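Structural description and commentary
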Amino acid sequence: MQKTPSIAYNLSGWMDTSPEVRPAVNDNWQSRRELAAALRRLNTAVLTRDVPTELLQSVTATMQAEAARIEANEVVPGTKAQAERNSTQHGQLPDIFYEINPASGQSNAIAPPMHIWQTDGRVHACVTPSWSYEGPFEHLHGGIIALLFDQVLGAGQRITGVAGRTGTLEIRFHHPTLLNKTLHLVAKVDRVVGRKKFMVGELWADDVRTASCKGVFISERNWPDAIA
Ligand SMILES: CCCCCCCC/C=C\CCCCCCCC(=O)SCCNC(=O)CCNC(=O)[C@H](O)C(C)(C)COP(=O)(O)OP(=O)(O)OC[C@H]1O[C@@H](n2cnc3c(N)ncnc32)[C@H](O)[C@@H]1OP(=O)(O)O
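What you see is a predicted model, and the numbers here were worked out from it, not measured in a lab.

1. Overview of the overall build of the protein chain
What the protein chain contains, in helices and strands, is five helices and six strands. A principal-axis box enclosing the C-alpha atoms of the protein chain has dimensions of 60 × 45 × 30 Å. Looking at the 228 residues of the protein chain, the share that counts as buried comes to 35%. Taking contacts inside the protein chain between residues at least 6 apart in sequence as the whole, the part at least 24 apart equals 64%. About 13300 Å² of surface is accessible on the protein chain, with carbon and sulfur atoms providing 53% of the total. When the 23 positive and 23 negative side-chain charges of the protein chain are each reduced to one mean point, those points stand 9 Å apart.

Below you can see the structure in the form of structure tokens.
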């Protein structure tokens, strides 16, 4: 028996076709973007400043109170629940994916955020990871590189017309990747075999290819509508 999704899983329009970040769909999402940017700034500042203990304690008290003010509102957890609300405030599924994904979500403070767009049968992305993403001294954490590749290759699957979950990611780290520098990623479909989409991608810092990735993405057996 086929699953019957209660929401439209058509993600067309999810991905940009230009290097410009699109405007937020409404004031609520614009405000979420601004709050996420402030949270990123705070996190990076705390990690990179010699802060007196009293100031840390004071800011913690303020932030706990602010978190409680947000938590006092109705709970709508995750992309699926938000899309099912189908409200003007939350927007449609593509808008929600765009805003809250942990790699590229403009409104997710965890996201660096990376910007992704599709053109000429390839997916491109740019991102400027801050000190918050440090792994080895002054360089980007390898797990964050894996996150970026998963998202870019995962987004690139939509070129095939159907999405799927990550089965395998194989990353080769060629050179250390500097922080606080605009990085570029590019990905394309290598081949499609049955439900398997074989994707390839590269991470570039200026003219140095610092990492490359091969990924296998597998679409579900009985999905009624192509999720693309
Ligand atoms: C359809 C839903 C899509 C939702 C998302 C759409 C949103 C798109 C929107 C916006 C873009 C956002 C981009 C997001 C990017 C991030 C994506 C992630 O992070 S996903 C989370 C991490 N991944 C998991 O949690 C998977 C966990 N694993 C599984 O669920 C299964 O193991 C799965 C689906 C990977 C395979 O399960 P089976 O039951 O369908 O596979 P079998 O029928 O056994 O095999 C089919 C073929 O695939 C090969 N295969 C199976 N598993 C493989 C694997 N892990 N790696 C490589 N090949 C595998 C097999 O050998 C077989 O090949 P042969 O047909 O015989 O040639």
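2. Digging into the UniProt feature "domain: Thioesterase" (unreviewed entry) in the protein chain
Mapped onto this structure's residue numbering, the UniProt feature "domain: Thioesterase" (unreviewed entry) falls at residues 138-210. Along residues 138-210, the helical share is 21% and the strand share 45%, with 15 Å between the first and last C-alpha atoms.

3. A word on a nonpolar patch on the surface
Among the surface-exposed residues, Leu35, Leu39, Leu42, Val46, Leu55, Leu56, Val59, Met63 and Ile70 lie close enough to one another that they form a single nonpolar patch of about 690 Å² accessible area. Those elements that provide at least two residues to the nonpolar patch are α1 (27-48) and α2 (53-71).

4. Re the environment of valine 189
As for its placement among the helices and strands, valine 189 is situated in strand β4 (residues 183-193). On the basis of relative accessibility, which here comes to 23%, the residue valine 189 falls in the partly exposed class. Taking the C-alpha atoms as reference points, valine 189 and leucine 153, separated by 36 residues in sequence, lie 8.3 Å from one another. What valine 189 contacts, discounting residues up to four positions off in sequence, is Gly156, Ile159, Thr160, Phe198 and Met199.

5. Some words on the site of the ligand
Near the ligand lie 18 residues; those nearest to it are Asp150, Thr168, Arg195, Lys196 and Arg221. A distance of 2.9 Å is found between an oxygen atom of the ligand and a side-chain nitrogen or oxygen belonging to aspartate 150. Burial of the ligand by the protein amounts to 56% of the accessible area it has alone, namely 1400 Å². Sorting the residues of the shell around the ligand by element identifies α5 (142-156), β3 (165-173) and β6 (208-218) as the ones contributing at least two each.

6. Some details on the confidence of the model for the protein chain
Here the protein chain averages 91 in pLDDT, and 91% of its residues register 70 or above. Below pLDDT 50 for its whole length, residues 1-6 participates in nine contacts with residues either more than four positions away or in separate chains. With pTM at 0.93, the complex prediction returns an ipTM value of 0.92.

Definitions and limits used
- Counting restarts for each chain, with residues numbered from 1 along the sequence as it is written.
- pLDDT decides what is reported in this predicted model: residues at 70 or higher carry local features, side-chain atom pairs at 80 or more are listed and counted, and totals for whole chains, interfaces and linings draw on all residues regardless.
- Side-chain metrics in this entry use all non-hydrogen atoms of the structure; hydrogen atoms and water are not considered.
- Under the scheme used here, helices are H or I runs from DSSP no shorter than 4 residues and strands are E runs no shorter than 2 residues, and both carry numbers assigned from the N terminus.
- Relative accessibility under 20% of the residue-type maximum defines a buried residue, over 50% an exposed one, and the middle range a partly exposed one, all with a 1.4 Å probe and only protein chains included.
- Residue contacts are counted whenever heavy atoms from the two residues lie within 4.5 Å of one another.
- Per-residue and other accessible areas follow the Shrake-Rupley method at a 1.4 Å probe size, with only the shown protein chains counted as cover for residues.
- Charged residues are defined narrowly, with Lys and Arg counted positive, Asp and Glu counted negative, and His plus the chain ends left uncounted.
- To locate a charge, the coordinates of NZ of Lys, CZ of Arg, CG of Asp or CD of Glu are taken.
- UniProt positions are given in the numbering used here, feature names are shortened, and annotations may be inferred rather than shown by experiment.
- Each patch is built from residues that are more than 30% exposed by relative accessible area and take part in no salt bridge. Like charges join if they lie within 9 Å; nonpolar side chains (Val, Leu, Ile, Met, Phe, Trp, Tyr) join within 5 Å.
- A carboxyl oxygen of Asp or Glu within 4 Å of a side-chain nitrogen of Lys or Arg is what we treat as a salt bridge.
- Whether a residue is near a molecule or strand is decided by its heavy atoms; if any one of them lies within 4 Å of it, the residue is near.
- Each polar contact in these results corresponds to two N or O atoms within 3.5 Å; when the atoms are within protein, one needs to be able to donate a hydrogen and the other to accept it, and residues that are neighboring in sequence are counted only if both atoms are side-chain atoms.
- Values of pLDDT, ranging from 0 to 100, describe the predictor's confidence in every residue of the model.

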